[in-house]
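# Coordinate analysis (summary)
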Amino acid sequence: MNRSYRIEDNNSNSFIPSYSGTNGAVATHSNLSSMTAYNILNQDRGNAFDAAAGAMLVEGLVNPQMFGMGGEGVMILKPKNQKPVVLNGNTLSPRKFNFLNLVTRGFTEVPDEGVLCAGVPAAFSSIFRMLQLYGKLDFRTISKYAKEYAKEGYPLHTGIINQNKFGLKSLKGKFIREWKNSAKLYLKNNKIPKVGSLFRNSAYANLIDYLGNYEKKITGSRNNKFNKLHDAFYKGDVANSILKYSQKNEGLLSKEDFENFNVKFEKTISEKYGDYQVHKTNFWGQGLTSLMMLKMLNKQKIKSLNSAGDIHKFTEILKLTFADREMYFTGKYNSKVKANHLLDDSYLNKRMQLIKDKAIDSIIPGNPLSKKSLLPIENEIKPWGAGTVHISIIDKDNNAISCTPSGGWIRSNEVINELGFPLGNRLMTLYLSKPGHVNFISPKQQPRTTLSPTLIINQKKREILSCGTMGGDAQDQWQAQFLMNYIFSNMPIDQALNEPRVSSEHLPAFFHPHDPNLKQLLLEERLSPFISQLNKKGHKCLKTTDWSEGFILCTRKQDKIYDAYADIRSYKSQIFQAQALAW
């Protein structure tokens, strides 16, 4: 053939473009939030933290089926020439959130929707405190893009309308019957809008405008300005609007819950694998599971999922890790078991002795204090949350952030008219039926969460890498596979993302009230040749369509080169319009 372009076989080539540059990198779950971050960095001369705050405000508008500003903002920040730090932007349960207040209303478990499972919205607190300590710009500047999209409109993408269980098609009946405010905002004459039609959220625009105008009037230091801005939300008219809605719907939130609320900055939990130091949150989040799995995978010398034997061992390590997650991961700070107990080498060595040639058929947590295994606790596991977005940014000055906002999606609660977004439902992760469990319902408690931002440093290669994904229980299943490919197999990032993945459903599905599917293992179609061998080992394998398991975003700076990647699965799933940029 007389062609000037490639004609050779390209089956092994990446579906994921490798975007590279020398000045910065951004990856988010929306093209609009990516462009917002880019503009904040380049036009407004902000830093990575300003850009992440602006992108987060846009994500809460354009991906409302996955995140809203009534939810949470969990992040790992890496300021230039400083150690990484966690911004614990988790919610907190109300003072009246107790056993009697739910049981006397007829509940046997914390509901998974409605005002009773809503804590104090933490997303705005996360933005204000991040900007206060690490940002350069004011709130008015970083929020102008979200305000414009909310006021002038943006095109609705297919995920908002068609995503299973979380999109408007699935929620239309609920909105019309019960959540009239949501129907008023998202439906047109009780009809679902078309994909690509222009959508406006004037209440959200007005809220951002109110906060920006309030900021204009504040004098004094940057510290004082953001303290006052925080008060404007949590002690002023915004909080009053939320409290009015909560009281009208017999919720438990009170003025005291808002006045005393604040996000926290904490140390990361990290482990080193070769030259890579992987940083995660403490185990109020799910990230410790990746660290535990990677340690055991490294001990087992599993570098990728290239054989039935390696898939089997990976899955068994996953089961043991997530059984410990259920038993010990909590938002309480006074738990006896700490992260270092679960990461202890001698404990993990004992756990790996449970891995045999046959698949584990029950939930078996260990005892990291005595380094012994416990008896199975079948059917004692409860599902965790679902929708999430992610933002990864590295700027020209080596500031980096891995940000995983979540909750407050349109399936969790009715939209509050004055604000243009609903409250979250994260308190559903707490137990009502299990007194004595580490996650038993209690007042003023942060719930456990699946949110799992990742930040990695390799000093030898002069490398910073930020990544994350949505996916509830599967966030760290997918990230562990990506990191295993990248760190242990030394694959290029695009290839590490392209490799076929598995997802275990041995634990519960993403959302209440689904039960665990013991031994069930989902394999992307490219791994289907291994299904027969895995079934013989006792797994219950299901073939899923290729490019369905995981929606990872990644930015990296290695020496002087910036890279950005958006997992092709985000597009193929039609949940997100994910975008990666490097320049």
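## Focus: the overall build of the protein
A tally of helices and strands in the protein yields 20 helices and 23 strands. Relative to its length of 583 residues, the protein is compact, with a C-alpha radius of gyration of 23 Å against a globular reference of 25 Å. Each principal axis of the C-alpha atoms in the protein carries an extent, and together these give about 70 × 65 × 50 Å. For the protein, the proportion of its 583 residues judged to be buried stands at 64%.

## Let's talk about the confidence of the model for the protein
Within the protein, residue pLDDT values average 92, and 94% of them lie at 70 or more. The low-confidence segment residues 378–385 (pLDDT under 50) makes 47 contacts with residues lying over four places distant or belonging to another chain.

## Topic: the sheet that holds strand β16 (residues 454–458)
The seven strands lie next to each other as β1-β22-β21-β17-β16-β9-β8, forming an open sheet whose pairing is antiparallel. Strands with a single pairing partner mark the edges of an open sheet, and in this sheet they are β1 (19–21) and β8 (269–273). For this sheet, the mean angle separating the axes of adjacent strands, direction not counted, is 15 degrees. The strands that helix α13 (residues 288–299) touches are β8 and β9 (276–280); relative to β8, the one it contacts most, it runs at about 25 degrees.

## Section: the pairing of strand β20 (residues 540–544)
Pairing analysis gives five bridges linking strand β19 (residues 520–524) to β20, with the strands arranged parallel. Residue pairing for β20: glutamine 520 is matched across the bridge by lysine 540. The parallel pair β19 and β20, bridged by helix α19 (residues 531–536), forms a crossover whose chirality is right-handed.

## Thoughts on the side chain of serine 34
Within the secondary structure, serine 34 sits in helix α1 (residues 31–42). Classification of serine 34 as buried rests on a relative accessible area of 0%. Separated by 2.8 Å, the side chains of serine 34 and threonine 28 make a polar contact. Leave out the neighbours within four places in its chain, and serine 34 touches Val26, Ala27, Thr28, Gln579 and Leu581.

## Some details on the nonpolar core
Counting 176 residues, the largest nonpolar core has Phe124, Phe139, Leu288, Ile393, Ile401 and Phe482 as the members making the most contacts within it. For this core, the element with the most residues is helix α2 (residues 48–62), which contributes eleven residues. With residues near it in sequence (within four places) discarded, phenylalanine 124 still touches Leu57, Met69, Phe139, Leu207, Leu211, Phe233, Tyr234 and Phe421. Listed in part, the eleven residues of the second largest apolar core include Leu102, Leu252, Leu427 and Phe440.

## Description of the state of the cysteines
Per the counting criterion, the structure on display carries zero disulfides. Looking at the unpaired cysteine 403, the closest cysteine sulfur is the one in cysteine 467, lying at 13 Å. You can see cysteine 467 has no disulfide; the closest cysteine sulfur is in cysteine 554, sitting 5.5 Å from it.

## Considering the pairing of β19
Among the five residues that make up β19, five are buried, leaving the element largely enclosed by the rest of the structure. Of the two faces of β19, both are covered, the one formed by Gln520, Leu522 and Glu524 as well as the one formed by Leu521 and Leu523. In this structure, strand β18 (residues 502–504) lies alongside β19, joined through three bridges in antiparallel fashion. Bridge pairing in β19 links serine 504 to leucine 521.

## Let's talk about the pattern of salt bridges
For the structure shown, the criterion picks out 29 salt bridges. Note that aspartate 345 and lysine 299 form a salt bridge whose closest N and O atoms lie 3.1 Å from each other. Note that aspartate 345 is positioned in helix α16 (residues 345–352) and lysine 299 in helix α13, a separation of 46 residues in sequence. Look at aspartate 345 and you get partly exposed, because its relative accessible area is 38%. Aspartate 546 serves as the salt-bridge partner of arginine 526, at 3.1 Å between the closest nitrogen and oxygen.

## Some thoughts on a nonpolar patch on the surface
The grouping of Phe99, Leu100 and Val103 at the surface amounts to a nonpolar patch, some 260 Å² of accessible area in total. With respect to the secondary-structure elements, phenylalanine 99 resides in helix α3 (residues 99–103). Owing to a relative accessible area of 36%, phenylalanine 99 belongs among the partly exposed residues under this scheme.

## Overview of the environment of alanine 52
Tracing the backbone through its elements, the reader meets alanine 52 in helix α2. Overall, the relative accessible area of 0% leaves alanine 52 in the buried class. Along the primary structure alanine 52 and glycine 236 are separated by 184 residues, whereas in three dimensions their C-alpha atoms are 25 Å apart. For alanine 52, the residues in contact, after removing those within four places along its chain, are Met130, Ile391, Ile393 and Ile401.

## Remarks on the packing of helix α9 (residues 202–217) against helix α10 (residues 222–234)
Taken N-terminus to C-terminus, the directions of α9 and α10 make an angle of 140 degrees; their axes are 10 Å apart at the nearest point. When the axis of α9 is compared with that of α10, the two are oblique. In terms of crossing hand, the pair formed by α9 and α10 is right-handed. Residue-level inspection shows Tyr210, Leu211, Tyr214 and Glu215 of α9 in contact with α10, the latter providing Phe226, Lys228, Leu229, Ala232 and Phe233. Across the contact of α9 with α10, the residue classes break down as seven nonpolar, no polar and two charged.

## Things to note about the packing of α13 against helix α14 (residues 308–328)
Relative to each other, α13 and α14 sit at 145 degrees, their axes nearing to 10 Å. Note that α13 runs across α14; the crossing there is right-handed. In contact with Thr289, Met292, Met293, Met296 and Leu297 of α13, α14 contributes Phe314, Ile317, Leu318, Thr321, Phe322, Asp324 and Arg325. Taken together, the residues that form the contact of α13 with α14 break down as eight nonpolar, two polar and two charged.

## Let's talk about the packing of aromatic side chains
Under the criterion given, the structure shown has 22 aromatic pairs. Ring geometry for phenylalanine 233 against tyrosine 234: centres 4.6 Å apart, planes inclined by 50 degrees, an arrangement best described as tilted. On the accessibility criterion, phenylalanine 233 (0% relative accessible area) is buried. Relative accessible area serves as the criterion here: at 2%, tyrosine 234 is assigned to the buried category. A ring pair is formed by tyrosine 234 and phenylalanine 258, whose centres lie 6.3 Å apart and whose planes are at 35 degrees; its orientation type is tilted. One end of the pair, tyrosine 234, is in helix α10; the other, phenylalanine 258, is in helix α12 (residues 255–259), and 24 residues separate them in sequence. A single burial state applies to tyrosine 234 and to phenylalanine 258, both of which are buried.

Conventions and cut-offs
- Residues numbered from 1 in each chain as written.
- Predicted model: local features only at pLDDT ≥ 70, side-chain atom pairs only at ≥ 80, totals over all residues.
- Heavy atoms only, no water.
- Helix = DSSP H or I, 4+ residues; strand = E, 2+ residues; numbered from the N terminus.
- Rg over C-alpha atoms; globule rule 2.2 N^0.38 Å.
- Buried < 20%, exposed > 50% of the residue type's maximum accessible area, 1.4 Å probe, protein only.
- pLDDT = per-residue confidence, 0-100.
- Contact = heavy atoms within 4.5 Å.
- Pairing = 2+ DSSP bridges.
- Axes fitted to C-alpha atoms, helices over the stretch in contact; angles between N-to-C directions.
- Right-handed = clockwise from strand over helix to strand, strands pointing away.
- Polar contact = N/O pair within 3.5 Å; in protein donor to acceptor, adjacent residues only side chain to side chain.
- Core = buried A, V, L, I, M, F, W, Y, C linked by side-chain atoms within 4.5 Å.
- Disulfide = S-S within 2.5 Å.
- Salt bridge = Lys/Arg side-chain N within 4 Å of Asp/Glu carboxyl O.
- Patch = residues over 30% accessible without salt bridge, like charges linked within 9 Å, V, L, I, M, F, W, Y side chains within 5 Å.
- Areas by Shrake-Rupley, 256 points an atom, 1.4 Å probe, with all protein chains shown as cover.
- Parallel < 35°, antiparallel > 145°, perpendicular 65-115°, else oblique.
- Left-handed = near helix turned anticlockwise from the far one by under 90°.
- Nonpolar A, V, L, I, M, F, W, Y, C, P; charged D, E, K, R; others polar.
- Phe/Tyr/Trp six-rings, centres within 6.5 Å; stacked < 30°, edge-to-face > 60°.

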